[in-house]
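Chain by chain, the residues:
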Amino acid sequence: MNKKFVAMSALPLMLSMSLTNQAHAEDVAAGTAVEPAVAVDSAAAANAEPANGGVTKKMLGEVVVTSTTIDDRFDSKRGEPSNVSNINGRRVDEEHGKNIVDVLESVPGVTAEVQSGDSVKIMLRGVEAQRYMGEKPGVAIVIDGVPVLERTGRVNIDLDNIESIKVIKGGASYLFGEDALSGAVIITTKRGAKMAGVTVGAEVGKFNYHKGLLRVGFAGNDLVGHIQKTKAMSDDYYDQGAWNRDYLDGKLQYLIDASSDVTFGFEHSKRSKDSHGTVRGVTNAAIDPTSATSGGKDYARKYDIDLNKANLSYANDFGEGSNLLVNTYLFKDHTYGWQGPSGYLRDAAGNLLPVNDMSQLRDIYTSGADTKQVQKGMKAEVRKGGEQTGMMAGLDMQRFEDRALTTNLVTYTSRNTPVGVTNPLNLQGAVTNNSLSTSDTRAMYGEFKWLLAEPLTATLNARYDNITAKYVSYIPLTATQISQGRVSSGEKTFRVWSERAGLNYALDVDREIYSNVSTGFRVPTISQLYGGSITPTGTVLANPNLSPEKSWNYEIGMRAKSELFGVALDTDIAVFQLDRKNFILNTGGQYQTTPTAEGFEQYQNIGGVRNRGLELGAKTDSRQVWSADVAYTYLRAIFTRNDSYWMAMGSRSAPLPSVYYNNTGNTVPRTPKHKLNINTRYRADTAWTFTGEVNSQSGSYADEVNVVWVGGRTVYNLMANYEIKTEKGMKWSAFARIDNVFDRYYYTTIRGSSDSNGDGVYNAEDPSITVNAGRVWTAGLTLAF
């Protein structure tokens, strides 16, 4: 490998050797080859941990700040006061997962919802598990420094282009700003001279799954880069569930001199997906799990998504622990899809058609939603280390635009009662939403790390966000709408501070106790602020006085490197409490159109949630003949206030009086109390590796009212990997994977919020359910030369 680019792998760090050794140990435990770091200063080496494990003069070397929102080149956890998990790219590649959920199962505290293909919604510590209609996940998702804000609240990731994943748990707005209520997931894409050469791969699997990959890379004295093309498709398990994805991505890195580099990364992806197999109620889930005959309809279908991402970063190491990182980015998301599965078809005169109930017509939807999102911004960070203190200061400027155009696909009414004021006629082709929402963020953030005494280090973080949200509708208001108080524009500015205070106590060179108090926040959305006043037929009252939601995370833990029966063991255990006291809720309940006893609906800061738990992770050296990893989560998530919930009863054509629930004290839905992942590996020889995985979780409720309970499940997965290198330098890799070996029947998702079958009773026949696909096999072959 070119030595200039070995040096670049250490830029812009100049970390102390103690941190370098820590990172090296973590990579070795994951089975990753580590290049020798060239850029290490002599002062740091004086404090280095001896390779033979001898006694050092100091447990802590130079004080350095490794927190960053731009480029995750700082992969050590030592000295970090928050619970952090790192996964390297080799581990991701060897997992051969269908989506990122298969990779993140090994991280305690992570839950995720799979929609289809590689589209997932990532959640941490049970936060936001009660929501499922495309809201933000309460987790900051950052890819190459770009905060990913896709339209549906889910994130789509090319698993073949991941260099590393870092998961930070607990409120993380002190670094990442808005929506980091429960933490952040930072993904860095592939880079460096190790991408040089040609890689060709192919995979096949159940449900007519196919994937192809081609990667070409090069490495010169001052320039290194690669470009990669992947394409995958599947008919999927569910009726009308076919999906496909097409990625083109790459990275170009130029070494300006021995201490600085500039990197350009890009990604273009096209994806389409149809139904994800929703059925209504447990009976239909049992007799029609693929949603082929029972009349189940997803709320949205026929998604076509076009994404483009580009980022340019600059790194400069000034020496003596000082460095600069700058990143600029542009992210575009164009999404089109059908929405609205129910209503009654009519002709232009308002007469009901002979066949009119849209809930029974699988391919008829009310609206076509065309949305274009643009994110652009710039970040800059400067950091400096020292013997007693270290600091980092950052600047973050973002602009987010959301252009929405919604058009009626059919002529319909919401009810089958006569057309009138309370049941208006919606004409085919009519534009119901033509709007632009923007958000401009200006933020400053920083970190100060102070060695109080030889074993004790304090960390302080703060971030100030100034966020201005604007909305404008391009649909002219009528005189009647103006008299009703409807508006065509709105603007609101939020100024929010976020903080973290943490302590690390080094028991010795291999063990430390960490603790922190940290915060996260989320500003109200445009629809929450202005309610029905910005839609032609809306009924929710505006509330421009809403305050941002805020979370408080309290945490204490210990990470250690030790031995068990002669086997090297890396453990991390933490207990936490995460409180949200100004949670924004609709006074009429979640996903309802139900006036309260006072006769109105409005979003207010009236909710509260408390999530408490324990997270345990243990890893062994995967290079050994036998090795294993364990991830365990205990979670208790409770509504501390949810006392304004009205559940709609009856059908649209024959509504019944709504039922009031006080959900205070109830368990947050879809938050299992126990979750366990065990991954065992047997390395038969240098070529063969066999892996067995167990995923187990206890039961949970499907709804906020805690009526429908879903039992727990345990699923077993198996995988075999074969890898061999020839004398000519060619590397052949093959794998076979079986998920859900024993074909266990269970629900991937279950969500209940109303009397959806209209029988006047809410029970297990009402939630929307997606049944797991059962036993699935995948196999693939890769050649690199």
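Residues numbered from 1 in each chain as written. Predicted model: local features only at pLDDT ≥ 70, side-chain atom pairs only at ≥ 80, totals over all residues. Heavy atoms only, no water.

Some thoughts on the confidence of the model for the protein chain
Thought 1: Residues with a pLDDT of 70 or more make up 88% of the protein chain, whose mean pLDDT is 86.
Thought 2: Mean pLDDT across the elements of the protein chain ranges from a minimum in helix α3 (residues 42-46), with 33, to a maximum in strand β41 (residues 776-784), with 97. (pLDDT = per-residue confidence, 0-100. Helix = DSSP H or I, 4+ residues; strand = E, 2+ residues; numbered from the N terminus.)

Some thoughts on the packing of aromatic side chains
Thought 1: Tallying each qualifying case throughout the model produces 14 aromatic pairs.
Thought 2: Measuring from ring centre to ring centre gives 5.8 Å for W338 and Y365, while their planes differ by 40°; the resulting arrangement is tilted. Here W338 is found in strand β16 (residues 322-339), whereas its partner Y365 is found in the loop between β18 (352-357) and β19 (367-384), with 27 residues between them in sequence. Like W338, the residue Y365 is buried in the burial classification.
Thought 3: The interplanar angle of 75° and the centroid separation of 4.9 Å between the aromatic rings of Y701 and W709 together place this pair among those described as edge-to-face.
Thought 4: Ring pairs connect the aromatic residues F207, Y237 and Y238, which therefore count as one cluster.
Thought 5: Seen from the ring of Y303, K273 lies directly overhead, with NZ or CZ sitting 5.5 Å from the centre.
Thought 6: Here the basic side chain of R580 rests over the ring of F583, its NZ or CZ set 4.4 Å away from the ring centre. (Phe/Tyr/Trp six-rings, centres within 6.5 Å; stacked < 30°, edge-to-face > 60°. Buried < 20%, exposed > 50% of the residue type's maximum accessible area, 1.4 Å probe, protein only. Lys NZ or Arg CZ within 6 Å of the ring centre and 35° of its normal.)

Some points on the nonpolar core
Thought 1: Core analysis: the biggest nonpolar cluster contains 29 residues, and I100, L104, I122, I165, V167, V185 and I187 have the highest contact counts within it.
Thought 2: Among the secondary structure elements, those contributing two or more residues to this core are α5 (100-104), β3 (119-124), β4 (140-143), β7 (162-169), β8 (183-189), β15 (300-319) and β16.
Thought 3: Discounting residues that sit within four places of it in the chain, L104 has contacts with I87, V110, I122, I165 and V167. (Core = buried A, V, L, I, M, F, W, Y, C linked by side-chain atoms within 4.5 Å. Contact = heavy atoms within 4.5 Å.)

Some details on the pattern of salt bridges
Thought 1: Applying the stated criterion to the full structure yields 49 salt bridges.
Thought 2: In this structure, the salt-bridge partner of R522 is E128, at a minimum N-O distance of 2.9 Å. Within this pair, whereas R522 is found in strand β25 (residues 511-522), its partner E128 is found in the loop between β3 and β4, the two being separated by 394 residues in sequence.
Thought 3: Salt-bridge contacts for D144 lead to K251; the nearest nitrogen and oxygen are separated by 3.5 Å. One end of the pair, D144, is in the loop between β4 and β5 (146-147); the other, K251, is in strand β12 (residues 243-257), and 107 residues separate them in sequence.
Thought 4: A relative accessible area of 10% means that D144 is categorised as buried.
Thought 5: When salt bridges with common partners are traced through the structure, they connect R91, E95, K98, D102, D629, R681, E693, R737 and D739 into a single cluster. (Salt bridge = Lys/Arg side-chain N within 4 Å of Asp/Glu carboxyl O.)

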